[in-house]
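# Structural characterization, general
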Amino acid sequence: MQSQLRKQLIDAFTNNKDEFLSGQYLADLIGCSRTAVWKHMEELRKEGFELEAIRKKGYRIVKTPENITADEIRFGLKTKFLGQSIHYEESVESTQKIAHRLAYDQAAEGTVVVAEEQVAGRGRMDRVWHSPKYTGVWMSIILRPNIPIPKAPQLTLLAAVAVVQAIEEVTTVTPQIKWPNDILINGKKVTGILTELQAEADRINSVIIGIGINVNQQMEDYPEELRTIATSLSIESGKRINRADLIRSAFNRLEHLYELYLEKGFLPIKLLWESYAISIGKMITARTLSGSIRGRALGITEDGVLKIEDTEGIVHQVYSADIELE
Ligand code: BTN
């Protein structure tokens, strides 16, 4: 109940950005007393919001906090369902683990888990995902699409496009995507996406999209072995990036693309994905569980599967692999 009121309050300021809203106006809008409004505003101040309060004019939000808070993410969020329920955690093993539990317990579509730190962050192929405190975006999103199981990987590509667009919106850098969903800047990895399913034999119950974005790390924050292959938005842009802005933008973009996908299918997403893809037309080596394939990346199929033409002219379809560019 409390958080519902807080959400309505944030929505009111979102819809009237930079304007003063009077205590009476807010009280009428959300159906509580002016004292209750005052108490909520004080809570926001404690969370790190900078507020201006002027007699007879009301309140205005001047600056949002440095640490991520669920309220700050909501401030400016334009989605219908994505991010409307946010589970914010200070420190977790993995946001994927929490999102799996929530999805199993019937959490609504669009529910997200955001953490400041993961102590056991998971990457693709059972790798560890380095997720230090207050520097990155570590989050998992629950979707419940009514699509056949083999189409689920398309959502990973969709999420990669959404994150690239969010990075372009919030920073000055232009990232590229390495199949299927590594996001690179100047050849170094800035984002990884891990998509997991809860499904029955022929039906998806939920898709959990885990997104890790390296945002404000500096080179010295990385362990030695990652320094040549990983980077952050701050390193590449030379600026500190507001993580809540990035998360909000990713939610707005992801929901838009997801609705487009449900209405029109994968084709518009495929075209967008290809426009950001780094590997198409290039010589690559794909390391799969059953061996390596070296050849030219031709593109992706309607299902998001990578097509590689090897040096003998044979075209392979690759469902899961690590890609090395030449
Ligand atoms: C990759 O290997 O490239 C995928 C990395 C995915 C990392 C994210 S961070 C949020 C979510 N929680 C996890 O434990 N992993 C994903």
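Just so it is clear, the structure is predicted and the values come from calculations on it, not from any experiment. (Residues numbered from 1 in each chain as written. Predicted model: local features only at pLDDT ≥ 70, side-chain atom pairs only at ≥ 80, totals over all residues. Heavy atoms only, no water.)

## Focus: the pattern of salt bridges
Note the following rule: A side-chain nitrogen of Lys or Arg and a carboxyl oxygen of Asp or Glu constitute a salt bridge if their distance falls within 4 Å. Only DSSP runs of H or I covering at least 4 residues are called helices, and only runs of E covering at least 2 are called strands; the numbering of each starts at the N terminus. Remark: exposure states derive from per-residue accessible area (1.4 Å probe, protein chains only) relative to the maximum for the residue type, with buried under 20%, exposed over 50%, and partly exposed in between.
Under the counting rule described, the total for this entry stands at 22 salt bridges. The shortest N-O distance in the salt bridge between Arg 243 and Glu 116 comes to 2.8 Å. Here the residue Arg 243 occupies a position in helix H8 (residues 243-264), and Glu 116 occupies one in strand E4 (residues 112-118), the gap between them amounting to 127 residues. Exposure remark for Arg 243: the relative accessible area of 4% places this residue in the buried category. Via salt bridges that share partners, Arg 6, Asp 71 and Arg 74 belong to a single interconnected network.

## Points about the UniProt feature "domain: BPL/LPL catalytic" (unreviewed entry) in the protein
Let me state the cut-off plainly: UniProt positions are given in the numbering used here, feature names are shortened, and annotations may be inferred rather than shown by experiment.
Residues annotated by UniProt as "domain: BPL/LPL catalytic" (unreviewed entry) correspond here to residues 71-262. Annotation note: span residues 71-262, helix share 30%, strand share 28%, distance between end C-alpha atoms 29 Å.

## Here we look at the side chain of Thr 69
Applicable threshold: Here a polar contact is recorded for every N or O atom pair within 3.5 Å, except that within protein the pair must consist of a potential hydrogen donor and a potential acceptor, and residues adjacent in sequence are included only if both atoms are side-chain atoms. Contact between two residues is taken to exist if any of their heavy atoms lie within 4.5 Å; hydrogens are not considered.
Among the secondary structure elements, Thr 69 is positioned in the loop between strand E2 (58-63) and helix H4 (70-74). A residue is classified by how much of its surface remains accessible, and Thr 69, at 11% relative accessible area, is buried. In this structure the side chain of Thr 69 is engaged in a polar contact, spanning 3.0 Å, whose partner is the backbone nitrogen of Glu 72. When neighbours within four sequence positions are excluded, Thr 69 is seen to be in contact with Glu 47 and Phe 49.

## Details of the packing of helix H6 (residues 153-170) against H8
For any two helices packed against each other, the geometry comes down to the angle between their axes and how far apart the axes lie. The cut-off we apply is this: Axes here refer to lines fitted to C-alpha atoms; in helices the fit is confined to the stretch in contact. Angles between the N-to-C directions go from 0 to 180 degrees. Here the word oblique covers every angle except those under 35 degrees (roughly parallel), over 145 (roughly antiparallel) and from 65 to 115 (roughly perpendicular). Each helix crossing is assigned a hand: it is left-handed if the near helix lies turned anticlockwise from the far helix by less than a right angle, otherwise right-handed if that turn is clockwise. Under the grouping applied here, Gly and all other residues not named as nonpolar or charged are polar, the nonpolar ones being Ala, Val, Leu, Ile, Met, Phe, Trp, Tyr, Cys and Pro and the charged ones Asp, Glu, Lys and Arg.
Where H6 contacts H8, the axes come no closer than 8 Å and their chain directions differ by 140°. Overall, the two elements H6 and H8 adopt an arrangement that is oblique. Note that H6 runs across H8; the crossing there is right-handed. Of H8, the residues touching H6 (which contributes Gln 154, Leu 155, Leu 158, Ala 159, Val 161, Ala 162, Gln 165, Ala 166, Ile 167, Glu 169 and Val 170) are Asp 245, Leu 246, Ser 249, Ala 250, Arg 253, Leu 254, Leu 257, Tyr 258 and Tyr 261. For the contact of H6 with H8, a count of residues per class yields 14 nonpolar, three polar and three charged.

## What to know about the site of the ligand
Convention followed: When at least one non-hydrogen atom of a residue lies within 4 Å of a molecule or strand, that residue is treated as near it. Reported accessibility uses the Shrake-Rupley method at a 1.4 Å probe radius. Residues are deemed covered only where the shown protein chains occlude them. Note on definitions: the grid is 1 Å and covers protein atoms alone; a cavity is a set of points where a 1.4 Å probe fits but cannot get out; a pocket is an open set with protein on both sides within 12 Å along at least five of seven lines; lining residues have an atom within 4 Å of a point. Cavities and pockets are treated as containing a molecule whenever more than half of the molecule's atoms lie within 2 Å of their grid points.
The environment of the ligand is made up of 19 residues, and the closest members are Ser 94, Gln 118, Arg 122, Arg 124 and Lys 189. In this structure, a nitrogen atom belonging to the ligand sits 3.0 Å away from a side-chain N or O atom of Thr 95. One of the backbone nitrogen or oxygen atoms of Arg 124 is found 2.6 Å away from an oxygen atom of the ligand. Protein chains bury 98% of the 420 Å² of accessible surface belonging to the ligand in isolation. If you map the ligand onto the pockets, it falls in the largest pocket. Every element with two or more residues in the shell around the ligand is listed here: helix H5 (95-104), strand E5 (136-143), strand E8 (188-200) and strand E9 (203-214). No other element matches the four residues that E8 contributes to the shell around the ligand. Per-class residue counts for the shell around the ligand are five nonpolar, 10 polar and four charged.

## Structural notes on helix H2 (residues 23-30)
Quick note on the threshold: The directions considered for the arc run from the helix axis to the C-beta atoms.
For H2, every residue scored as buried is listed here: Gly 23, Leu 26, Ala 27 and Ile 30. One side of H2 carries all its buried residues, which in axial view fall inside an arc of 100°. One or two steps after H2, the chain reaches Gly 31, where phi turns positive at roughly 70°.

## Remarks on the sheet that holds E8
Heads up, the condition is: A pair of strands counts as paired when DSSP detects no fewer than two bridges linking them.
Taken together, seven strands build an open sheet; the order of strands is E3-E4-E5-E9-E8-E7-E6 and the sheet is mixed. A single partner strand is all that each edge strand has here, and the edge strands are strand E3 (86-92) and strand E6 (176-178). Here the average twist between neighbouring strands, direction ignored, is 20°. Strand direction decides the pairing type here: strand E7 (residues 182-185) and E8, joined by three bridges, are antiparallel. Counterpart to Ile 183 in the pairing with E8 is Thr 191. Running at roughly 20° to E5, H5 makes contact with E3, E4, E5, E8 and E9 of the sheet.

## Describing the pairing of strand E11 (residues 291-300)
Each regular strand displays side chains that alternate between the two surfaces of the sheet. Summarising the sheet, strand E10 (residues 283-288) and E11 pair through six bridges and their orientation is antiparallel. From the neighbouring strand, Ala 286 faces E11, where its bridge partner is Ile 293. What sits between E10 and E11 in their antiparallel hairpin is a turn of two residues. In textbook terms, the turn of a hairpin is the stretch between consecutive antiparallel strands, and for E11 and strand E12 (residues 306-310) this stretch comprises five residues, one of which, Gly 304, has a positive phi near 90°.

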